[in-house]
Amino acid sequence: MEPVWYPSAEAAQESRLFRFMEALGFSQYEAFYRYSVEEAEDFYQKFFTHLAIPWRRAYARVLEGGFPFPRFFVGGRLNLVEACLRHGPERLSLIHETEDGKVRSLTYGELGAEVARVAAGLRALGVGRGDRVGLWLPMGLEAAVLLLATAWVGATAIPIFSGYAAEAASVRLKDAEAKLLAVQDGFHRRGRRVELLLEARKAQALAGTAKLLVVRRLGLPLEAGEADYRELSGETFPPEEMGSMDPFMLIYTSGTTGRPKGTVHYHGGFPLKAALDLALLFDLREKDRLFWFTDLGWMMGPWAILGGLVLGGMVFLYDGAPDYPGPDRLWRMVAAHQITHLGLSPTLVRALIPFGESPLEGQDLSSLRVLGSTGEPWNLEAYLWFFRAVGKERLPIVNYSGGTEISGGILGNVLLKPIKPMGFNTAVPGMKAAVLDEAGKPAVGKVGELAVLAPWPGMTLGFWRDEARYLETYFAKVPGVWVHGDLCLQDEEGHFFILGRSDDTLKVAGKRVGPAEVETAATRHPALKEGAAIGVPHPVKGEAIVLFAVLRPGFPPSEALAGEVADRVAEALGRPLRPEKVFFVPDLPKTRNAKVMRRVIRAAYLGQDPGDLSALENPEAVEAIRQAAQNP
């Protein structure tokens, strides 16, 4: 596959990455990347010195020990809040737009004052060093302030997805033994009032959380013992001095089975990794404006807030639907707020394509400089639509893949090299990544497991109170190596392609294929909006492919159409990989950040326990899949 985007010499030389390389004496990216992994301690020390991270006490060395429990910036003392709030007080830090169109903003000076006030109020409520604080809010000013204020007092934040119901939130709060739950009383979603406070009271009772702190956006009345965010007060104090490995965030990811996994992050890790990736991959500079469509409960919420602020950028926050009240909503916000960096998931892009390009017409998107994507593999049609319709074939798409446990990316795109559709032109600087074959050896030109061969600042401290599960998840396959769980291919030119989660991998008659390949082939049929491929047991092939597809308007489901779609896959991938069955369903199970949950689809189809469903935006989609299985 040939690249679709090429850097201009002038733009490349203006990038943060090139200027940092030049300062270190590098003119070629490949040599710089080798240095970043072969002399990783020197690389990280020089980069974070370059960013002027404000350490209270200097660290003795960058790294001590290796997998699975390394320590970073040994002996260093800091508080991540000081790295976020050190910029010019008059510069914009945050802009927040609600679904009903209200806009508020804070300068860095105003943000610092508000964080100090809220931190004083948290201490007055009895929150202190080491306590856990649930943050159940949509993306907004208060969400960012509370995230920073929790770190200010030395406590640990537990971001919770704003779409959860009480039971899902309570599981996380109880597991973490949260002392306080900060919640927004509600918000608007597609014009409907969502009264989150009512769910929070149920979650508080289920989890035994001692107190509720309420941000009153809808003005719901408080009950006895509930604190009002606006009335927080107390004696202000400097941010707590923390060790580099002291936790500041416990963020949960949904497990395939059993309870959610709580990943632990620390002051000298997650914020620094987020800033590094935003600087060297996305070229986020001071005064740039970052908008990543996400939620505080997903990793990309805290990542955008903390990484953007560490770099002195402006972070745009939005807590509504991307196509309400009309399909031009997203593009109107980009134009109105002069966004320079826009991040969307592939599934969200696919959901916007049926509206066509008319919502983009008349919108001035000239401020955009970089497009971003993460969450799942692309299909070619959606990628090229994003590149051509939104990026006008001039903007790079920084494809970005890693995860909550990583604090950011393993793979990405740098703006000094050509970019191939759907791919990654590099491992992230500092990340010693490789594709491993079935023998655990590095492989080029063949599908294998994505792995990281050496520790990096930002990797999780482990799963909350579950060391065995952490070791089993990442270190059981290849001793001494972090095996991430993604199926990946590295081509001869050094570009990477994620094909899906390795536990989603399809192996039909001995041939291994990623679900994204099947879905890409299927969605080339003009009737299909999107699809999800799963593998099911087969007596002869070992595994067979079943495809669930969502049709575009105007295409009625039929057996003939199902056959046409299956034939499209066979034409692209070969007859052995033709889906055994194609089912048409109204929707696919997705998280709010539009990630398709294939493991849920497979479990529902096979009549198995689908595991944790709390992250789903549309749980009703699961029942449609169960019905399809019962009526083949």
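Residues numbered from 1 in each chain as written. Predicted model: local features only at pLDDT ≥ 70, side-chain atom pairs only at ≥ 80, totals over all residues. Heavy atoms only, no water.

Caption draft 1: Just the layout of surface pockets, in detail. What the second largest pocket holds in volume is close to 530 Å³. Taken together, 23 residues line the second largest pocket, and the ones lying closest to its centre are Arg190, Ala351, Asp587, Lys590 and Glu617. Going through the elements one at a time, α13 (346–352) and β30 (528–538) are the ones with two or more residues in the lining of the second largest pocket. The biggest single contributor to the lining of the second largest pocket is α13, with four residues. Looking at the lining of the second largest pocket residue by residue, the classes come out as ten nonpolar, three polar and ten charged. (1 Å grid on protein atoms, 1.4 Å probe; cavity = no way out; pocket = protein on both sides within 12 Å on 5 of 7 lines; lining within 4 Å. Points joined across faces, edges and corners; volume = space filled by probe spheres on them. Helix = DSSP H or I, 4+ residues; strand = E, 2+ residues; numbered from the N terminus. Nonpolar A, V, L, I, M, F, W, Y, C, P; charged D, E, K, R; others polar.)

Caption draft 2: Summary view of the nonpolar core. Core analysis: the largest hydrophobic core is formed by 157 residues, its most contacted members being Leu148, Leu213, Trp303, Trp331, Leu344, Leu411 and Trp482. Sequence-distant contacts of leucine 213, defined by excluding residues within four places in its chain, comprise Leu122, Leu125, Leu146, Leu180, Leu181, Ala182, Val183, Ala227, Asp228, Tyr229 and Leu232. In terms of nonpolar packing, the next biggest core, distinct from the first, is built from 30 residues, Ile160, Tyr164, Leu173 and Leu220 among them. (Core = buried A, V, L, I, M, F, W, Y, C linked by side-chain atoms within 4.5 Å. Buried < 20%, exposed > 50% of the residue type's maximum accessible area, 1.4 Å probe, protein only. Contact = heavy atoms within 4.5 Å.)

Caption draft 3: Broad picture of the packing of helix α2 (residues 16–24) against helix α3 (residues 29–38). Two elements in contact, α2 and α3, have axes whose closest approach is 11 Å; the angle formed by their N-to-C orientations is 75 degrees. One element, α2, and the other, α3, form an angle in the roughly perpendicular class. Contacts between α2 and α3 pair Leu17, Phe20, Met21 and Leu24 from the former with Tyr29, Phe32 and Tyr35 from the latter. Grouping the amino acids of the contact of α2 with α3 by side-chain chemistry returns seven nonpolar, no polar and no charged. (Axes fitted to C-alpha atoms, helices over the stretch in contact; angles between N-to-C directions. Parallel < 35°, antiparallel > 145°, perpendicular 65-115°, else oblique.)

Caption draft 4: Examining the sheet that holds strand β23 (residues 426–427) more closely. Judged by pairing direction, the sheet is antiparallel, and its three strands sit side by side in the order β21-β22-β23 without closing on themselves. Each edge of the sheet is formed by a strand with only one pairing partner; in this case those strands are β21 (401–403) and β23. Alignment of strand β22 (residues 408–412) against β23, held across two bridges, turns out to be antiparallel. Counted as the bridge partner of leucine 411 is alanine 427 from β23. (Pairing = 2+ DSSP bridges.)

Caption draft 5: Structural context of the pairing of strand β2 (residues 71–74). Across three bridges, strand β1 (residues 61–64) lies against β2 in antiparallel orientation. Across the sheet, residue leucine 63 finds its bridge partner in β2, namely phenylalanine 72. Hairpin remark: β1 followed by β2, antiparallel, with six residues in the connecting loop; positive phi at glycine 65, about 85 degrees.

Caption draft 6: Region of the structure containing the pairing of β22. Of all five residues that make up β22, five are buried, and the element is covered over most of its length. Sheet topology note: the β21/β22 ladder contains three bridges and is antiparallel. If you follow glycine 402 over to β22, its bridge partner there is glycine 409.

Caption draft 7: Main features of unusual backbone geometry. Of note, the amide linkage connecting phenylalanine 67 to proline 68 takes the cis form, showing an omega dihedral of 5 degrees. Note on placement: proline 68 falls in the loop between β1 and β2. Of the consecutive residues tyrosine 324 and proline 325, the connecting peptide bond is found in the cis state with omega at 5 degrees. Positionally, proline 325 belongs in the loop between β17 (314–318) and α12 (329–336). The phi dihedral of phenylalanine 73 falls on the positive side, at around 50 degrees, and the residue is not glycine. Positionally, phenylalanine 73 belongs in strand β2. Of note, the phi angle at glutamine 338 is positive, near 55 degrees, even though the residue is not glycine. Given a relative accessible area of 38%, glutamine 338 falls into the partly exposed group.

Caption draft 8: Quick look at the sheet that holds strand β26 (residues 482–490). Strand order across the open sheet formed by four strands is β24-β25-β26-β27, with antiparallel pairing between neighbours. Two strands bound the open sheet, and with one partner strand each, they are β24 (433–436) and β27 (496–501). On average, each strand axis in the sheet is inclined to that of its neighbour by 45 degrees, with strand direction left out of account. Where strand β25 (residues 447–452) lies against β26, five bridges are found, and the strand directions are antiparallel. Bridging across to β26, alanine 451 finds its partner in valine 483.

Caption draft 9: Molecular detail of helix α8 (residues 166–176). Ala166, Ala168, Ala169, Ser170, Arg172, Leu173 and Ala176 are the residues of α8 that are buried. Looking at the packing, one finds that the buried side of α8 touches β6 (132–136), β7 (156–159), β8 (180–184), α9 (196–207) and β14 (247–253). Directly after α8, the chain includes glutamate 177, whose backbone phi takes a positive value near 55 degrees.

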